[in-house]
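Given next are the chains, with one letter for each unit.
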Amino acid sequence: MAGEVVKLPPGAQELVSSARVDAGFDALAADLGPLVAAGNAVLLGVMNGGLVPLVRLIDRLQGDYSVSYCHVTRYRGQTSGGALEWIRRPADEVRGRHVIVVDDVFDAGLTLQDVRHACLEAGAARVTTAVAFVKEVPRDAGIAPPDFTTGLTLPNRYVFGCGMDLHNRWRQLRGIYALRPESG
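Values in this document were obtained by computation on a predicted structure and should not be read as measured data. (Residues numbered from 1 in each chain as written. Predicted model: local features only at pLDDT ≥ 70, side-chain atom pairs only at ≥ 80, totals over all residues. Heavy atoms only, no water.)

**Concerning the packing of helix α1 (residues 18-37) against helix α2 (residues 51-58)**
Viewed as axis vectors pointing N to C, α1 and α2 meet at an angle of 65 degrees, and their least axial separation amounts to 9 Å. Here α1 lies roughly perpendicular to α2, going by the angle between them. As α1 runs across α2, the sense of the crossing is right-handed. Contacts from Val-21, Asp-22, Phe-25, Leu-28, Ala-29 and Leu-32 of α1 reach α2 at Pro-53, Arg-56 and Leu-57. Among the residues making up the contact of α1 with α2, the classes are represented as seven nonpolar, no polar and two charged. (Axes fitted to C-alpha atoms, helices over the stretch in contact; angles between N-to-C directions. Helix = DSSP H or I, 4+ residues; strand = E, 2+ residues; numbered from the N terminus. Parallel < 35°, antiparallel > 145°, perpendicular 65-115°, else oblique. Left-handed = near helix turned anticlockwise from the far one by under 90°. Contact = heavy atoms within 4.5 Å. Nonpolar A, V, L, I, M, F, W, Y, C, P; charged D, E, K, R; others polar.)

**Things to note about the sheet that holds strand β6 (residues 126-135)**
Read from one edge to the other, the open sheet built from six strands follows the order β4-β3-β2-β5-β6-β7, with strand pairing classed as mixed. The open sheet has two edge strands, β4 (85-88) and β7 (148-154), and neither has a second partner. Ignoring which end each strand starts from, the neighbouring axes of this sheet average 25 degrees apart. Direction of pairing for β6 relative to β7: parallel, over a ladder of five bridges. The partner of Val-131 across the bridge, within β7, is Thr-149. Lying over the sheet, α1 contacts β2 (41-47), β3 (65-73), β5 (98-106), β6 and β7, oriented at roughly 155 degrees with respect to β7. Sheet contacts for helix α3 (residues 110-121): β2, β3, β4, β5 and β6; angle to β5, the most-contacted strand, approximately 165 degrees. (Pairing = 2+ DSSP bridges.)

**Here's the deal with the environment of Glu-14**
Looking at the secondary structure, you find Glu-14 in strand β1 (residues 12-16). Note on Glu-14: relative accessible area 46%, which makes it partly exposed. Placed 147 residues apart in sequence, Glu-14 and Gly-161 show a C-alpha to C-alpha distance of 9.7 Å. (Buried < 20%, exposed > 50% of the residue type's maximum accessible area, 1.4 Å probe, protein only.)

Remember, this is a structural readout, not a statement about activity or role.
Listed below in C-alpha cells is the structure:
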C-alpha cells in the first residue's frame, strides 16, 4: 500500500533511497530507449536478482520488444558468491536478436561475462548489458564493464533490495540496504 512503512530486518540501514533508485531507472530507461526503438530487441533478465530491475525497466520502456530470462546463480542464498551454476541458459528467442541483458548488480563481473557469452553462443546478433548498480570492488583484468547502468554505485558491502537478496528475502525493497557492521 502507498505510504505503508516496510519492516526491515534488524540492523538494516538504507544506503540508497527509493527516490534515487527511481531516478536511476529513469536514466537507464532513457539510455536503453533508442536501442529498443531500433527494433528486434529482447530484454533478457538474469534471474533471480535481475527480476526486479527488469520489471522496473519494462514499466519505463515503450516499443515493440520481447522479454525473456536466463537463470544463473553464484550465491544460492548465501552472503558470498561461489562457482556459477546455470539453471536456464538463454533460449532460442535470442537467435538473431539484439539482446539487452538486465541484471541487478555488477560486482566481480563473472555472471555478466558468462551471460554475454551464452547469448552469443545461442546466436544473438548483438548483446548489450545493463545493470542497476555497480559495486565498488576490485575486478580481474579483462572483465568488461556493463554497457549501461543507472549511475548508482554501491560500497563493497553485502547489500539487498531492488532485486538483491539477504538470505533469499528482501528483494522487493525499493531502496538499497545493508546491515550495520555491528549487526553482522
